[in-house]
Amino acid sequence: MPGTRTLDGEPGGITTLVRAALPALPVVNRLPGVRKRPADQFGGLTWSRRGVVVQRARVDAYAAVCGFPRKDVVPLTYPHLLAFPLHTAIMADPAFPYPAVGLVHVENTITAHRVIGVGEEVDVTTAAGIPRPHAKGVLLDFVTTVSAGGGTAWESTSTYLRRGHTTDGEPGPGLTLPDPPTGGVEWRLPADLGRTYAGVSGDANPIHLWPLTAKALGFPRQIAHGMWTKARSVAAIENRLPEAVTVEVAFKKPVLLPGTVAYAARREDDGWAFAVSSPRDGSPHLVGRTTSA
């Protein structure tokens, strides 16, 4: 793919996350290699990883944390972990106009075209497009493709909100679920869930780790990863989903840790509707739906 930048070797993990966050720091954000280009000069950015082997130990650790059974194929949401280093590489790139701090993951859509086997070798590509208008700022779509054997096996779109100045155009409606299911089973989430998920995913964003690090970024205490919440929701109905499936979610409200949430799912004509909500007042943390791909 022309203009694609390649991430070689083992992804940088916390080092890349720090580099992605530096542009949010006063004075530091003016240094060469850190300073961001103006948003109106951003025309998109693509990064890739080639020949990534799906490792049994990592898949099993992820499945255990998110509630999936151990299988010889990966959980539906697992390939997001293969793409996450590309998300952080894009955010750390000086050509990307915004620091990682302040980007809020608001929606995620995954389409699996076929199962991906443990031990399989895949290529992963993520492209960040130009900002889209939103009532509170701009939206940035990170589109990932996981391919093998000459075909696309899995793809996703992670949409991030950057609050502040918007751009020209009419904001899109986003994912809406008019009548999300309510009630359901309660999940008690431990205080260390964010640290546990960070250990298997590589997403060590401070808002998920400790009360002090979360408070420094404006939260009363640490919050669960949105992609853990999606993964756990999918795991609850995983054995009732087809191999070729699309799962869309909107992240509505952070889940504070420790905490208790309610999960409910409802069978519909072409899939499932599901929601994670507050047991006290029913306000949603996440709403989602599945459809056949």
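Residues numbered from 1 in each chain as written. Predicted model: local features only at pLDDT ≥ 70, side-chain atom pairs only at ≥ 80, totals over all residues. Heavy atoms only, no water.

Caption draft 1: Here's a closer look at the packing of helix α2 (residues 56–66) against helix α6 (residues 226–237). Between α2 and α6, whose axes approach to 9 Å, the crossing angle comes to 80 degrees. Judged by the angle between their axes, α2 and α6 are roughly perpendicular. Residue-level contacts link Tyr-62, Val-65 and Cys-66 of α2 to Trp-228, Ala-231, Arg-232 and Ala-235 of α6. Taken together, the residues of the contact of α2 with α6 break down into 6 nonpolar, no polar and 1 charged. (Axes fitted to C-alpha atoms, helices over the stretch in contact; angles between N-to-C directions. Helix = DSSP H or I, 4+ residues; strand = E, 2+ residues; numbered from the N terminus. Parallel < 35°, antiparallel > 145°, perpendicular 65-115°, else oblique. Contact = heavy atoms within 4.5 Å. Nonpolar A, V, L, I, M, F, W, Y, C, P; charged D, E, K, R; others polar.)

Caption draft 2: Geometry of the pairing of strand β3 (residues 103–112). The element β3 is largely enclosed, with a buried count of 7 among its 10 residues. As paired strands, β3 and strand β7 (residues 151–163) are joined by 9 bridges and run antiparallel to one another. Across the sheet, residue Leu-103 finds its bridge partner in β7, namely Arg-162. Note that β3 and strand β9 (residues 245–251) share 6 bridges and pair antiparallel. Note on β9: the bridge partner recorded for Asn-108 is Val-249. (Buried < 20%, exposed > 50% of the residue type's maximum accessible area, 1.4 Å probe, protein only. Pairing = 2+ DSSP bridges.)

Caption draft 3: α2, seen in detail. By the burial criterion, the buried members of α2 are Val-59, Tyr-62, Ala-63, Val-65 and Cys-66. Seen end-on, α2 carries its buried residues on one side only, within an arc spanning 165 degrees. Set apart from the buried face of α2 by more than 90 degrees, the exposed residues are Ala-57 and Ala-64. Among the structural elements, α3 (79–92), α4 (193–201) and α6 are those in contact with the buried residues of α2. Looking one or two places after α2, you find Gly-67, whose phi comes out positive at around 90 degrees. (Arc of directions from axis to C-beta.)

Caption draft 4: Representation of the pattern of salt bridges. Scanning the model with the defined rule gives 10 salt bridges in all. Ionic pairing is found between Lys-71 and Glu-238, a salt bridge with its closest N-O pair at 2.5 Å. Here Glu-238 lies in the loop between α6 and β9 and Lys-71 lies in the loop between α2 and α3, a separation of 167 residues in the sequence. For Lys-71, a relative accessible area of 36% corresponds to the partly exposed category. Bridged by salt links that share partners, the residues Arg-56, Asp-60, Arg-70 and Asp-72 form one connected network. (Salt bridge = Lys/Arg side-chain N within 4 Å of Asp/Glu carboxyl O.)

Caption draft 5: Summary view of α4. Considered for burial, the residues of α4 that qualify are Leu-193, Gly-194, Tyr-197, Ala-198 and Ser-201. Along the axis of α4, the buried positions cluster into a sector of 130 degrees, meaning they face one direction only. Along its buried surface, α4 packs onto α2, α3, β8 (185–189) and α6. Just past α4, the residue Gly-202 takes up positive phi, approximately 85 degrees.

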